[in-house]
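Take a look at the letters that make up each chain.
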Amino acid sequence: MLDGAETEDSLLEVNNIEVIYNHVILVLKGVSLKVPKGGITALLGGNGAGKTTTLKAVSNLLRSERGEVTKGSIKYRGERVQDLVPSELVKKGVIQVMEGRHCFEHLTVEENLLTGAYTRRASRGEIDADLNMVYDYFPRLKERRKSQAGYTSGGEQQMVAIGRALMSRPEMILLDEPSMGLAPQLVEEIFNIVKSLNENEGATFLLAEQNTNVALRFAHYGYILENGRVVMDGPAKELRENPDVKEFYLGMSDEGRKSFRDVRSYRRRKRWLS
Ligand SMILES: Nc1ncnc2c1ncn2[C@@H]1O[C@H](COP(=O)(O)OP(=O)(O)OP(=O)(O)O)[C@@H](O)[C@H]1O
Ligand SMILES: [Mg+2]
């Protein structure tokens, strides 16, 4: 896995960014992260930690929310991208699947997918081939392709949102909270699809998740955000085994040793935060 010294394989580099909403609310206080090409990188943390803000900073979606990157830089393939409009970024291969799986409710599943191809100048044949690719990954969507998206289940709508992103032929997909509101079995199904898209299509993912457990099983590397700062990062396997991560994010603390762990964790936590 890449560390600070190796940058040549990073597709995305976020360097010490600060984000302010409404000119006064400081939300990100110097966030840095790297997303290597071909990897699955997880951005973890609880409610309000700054995960969505980080993704929106990357995909230039902050402006519509009166948010602004006031310090630091965001580079994609070594090129500064923070002044681009979202559609220019899509052309460069970066697309965001928003939190809450936005679909066009009145369009059918297939029409929703087709809207994902709008930034490309592709022939009907190419678009059909891509639709078939999406249906291969999401057989449920094929079955429901003529259904109005608003009447499909939450899991199917999440699949539509990811499928629509795939129709832009992205190199990197920013996925915000894919597990939100879904039953465990569906979460597993969606993460398995992410994994196969990563392995078979070479798609790079940066995904924001509160569900630390599932994210660290599928990601290669993770960053933990607290209160607008990265408090810890490392290979997913190491984070999974880290006692503080277990205690604070995986809910695996062992009752019998609780007080001992509390003290130790508290000390370490102080260290991350300092
Ligand atoms: N448009 C906005 N205007 C003002 N403050 C905002 C705005 N959007 C988010 N915030 C604040 O920024 C902080 C970070 O929010 P963000 O949505 O990035 O967190 P998150 O990690 O994605 O949380 P969640 O897991 O709940 O989705 C929160 O305190 C939130 O209240
Ligand atoms: Mg969020």
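The rules we used
- Residues numbered from 1 in each chain as written.
- Chains lettered and ligands numbered in written order.
- Predicted model: local features only at pLDDT ≥ 70, side-chain atom pairs only at ≥ 80, totals over all residues.
- Heavy atoms only, no water.
- UniProt positions renumbered as here; feature names shortened; annotations may be inferred.
- Near = heavy atom within 4 Å.
- Polar contact = N/O pair within 3.5 Å; in protein donor to acceptor, adjacent residues only side chain to side chain.
- Helix = DSSP H or I, 4+ residues; strand = E, 2+ residues; numbered from the N terminus.
- Pairing = 2+ DSSP bridges.
- Contact = heavy atoms within 4.5 Å.
- Axes fitted to C-alpha atoms, helices over the stretch in contact; angles between N-to-C directions.
- Parallel < 35°, antiparallel > 145°, perpendicular 65-115°, else oblique.
- Left-handed = near helix turned anticlockwise from the far one by under 90°.
- Buried < 20%, exposed > 50% of the residue type's maximum accessible area, 1.4 Å probe, protein only.
- Right-handed = clockwise from strand over helix to strand, strands pointing away.
- Core = buried A, V, L, I, M, F, W, Y, C linked by side-chain atoms within 4.5 Å.
- Domains from an automatic or database assignment.

Per an unreviewed UniProt entry, the protein chain carries the name Branched-chain amino acid ABC transporter, ATP-binding protein and comes from Roseovarius nubinhibens. You can read under Sequence similarities (unreviewed entry) in the UniProt record for the protein chain the words "Belongs to the ABC transporter superfamily."

Visitor: Quick question: what am I supposed to make of the site of ligand 1 here?
Guide: Looking at ligand 1, there are 15 residues lining it, with Asn47, Lys51, Thr52, Thr53 and Gln210 nearest. Contact between ligand 1 and Gly48: an oxygen atom at 2.8 Å from a main-chain N or O atom of the residue. A distance of 2.7 Å separates an oxygen atom of ligand 1 from a polar atom in the side chain of Thr52. Listing elements by their share of the shell around ligand 1, those giving two or more residues are strand S2 (25–36) and helix H1 (51–58). Ranked by residues supplied to the shell around ligand 1, first place goes to H1 with three residues.

Visitor: Which parts of the structure should I look at to understand the sheet that holds S2?
Guide: Strand pairing in a sheet relies on backbone hydrogen bonds. The paired strands run either parallel or antiparallel. Across the sheet, four strands lie side by side as S2-S1-S4-S5; this open sheet has antiparallel pairing. Two strands bound the open sheet, and with one partner strand each, they are S2 and strand S5 (79–80). In terms of strand pairing, strand S1 (residues 10–21) meets strand S4 (residues 67–76) through eight bridges, oriented antiparallel. What sits directly across from Asn15, in S4, is Ser73. Taken strand by strand, H1 contacts S1, S2 and S4, and its axis lies near 115° from that of S1.

Visitor: Where do I start with the packing of helix H6 (residues 154–166) against helix H7 (residues 184–201) in this structure?
Guide: The description of two packed helices rests on the angle between their axes and on the distance between the axes. Running from amino to carboxyl end, H6 crosses H7 at an angle of 15°, the nearest separation of the two axes being 10 Å. Considering the angle they form, H6 stands roughly parallel to H7. Judged by the twist between their axes, the crossing of H6 over H7 is right-handed. Contacts from Gly155, Gln158, Met159, Ile162 and Leu166 in H6 reach Leu186, Glu189, Ile190 and Leu197 in H7.

Visitor: What is the right way to read the pairing of strand S7 (residues 172–176) from this model?
Guide: Put simply, side chains in a regular strand alternate between the two faces of the sheet. Within S7, five of the five residues are buried, which leaves it mostly tucked inside the rest of the structure. The side-chain alternation of S7 yields two buried faces, one formed by Met172, Leu174 and Asp176 and the other by Ile173 and Leu175. In the sheet, strand S6 (residues 94–97) pairs with S7 via four bridges, with the strands oriented parallel. Paired with Val94 across the strands is Met172, a residue of S7. With five bridges connecting them, S7 and strand S8 (residues 204–209) associate as parallel partners. Paired with Leu174 across the bridge in S8 is Leu206. Crossover S7 to S8 through H7 is right-handed.

Visitor: Looking at this structure, I do not really get the nonpolar core. What am I missing?
Guide: Within the largest apolar cluster, 52 residues are counted, with the highest numbers of intra-cluster contacts made by Phe138, Leu141, Phe205, Leu207 and Val245. Broken down by element, the residue count for this core peaks at seven residues, all from H7. Two domains share this core, each providing at least three of its residues, namely domain 1 (1–90 + 204–230) and domain 2 (242–274). Not counting residues within four places of it along the chain, the set of residues in contact with Phe205 comprises Val35, Gly39, Ile40, Thr41, Ile173, Leu175, Val194, Leu197 and Asn198. Core analysis: the second largest hydrophobic core is formed by 30 residues, Leu12, Val31, Leu33 and Val58 among them.

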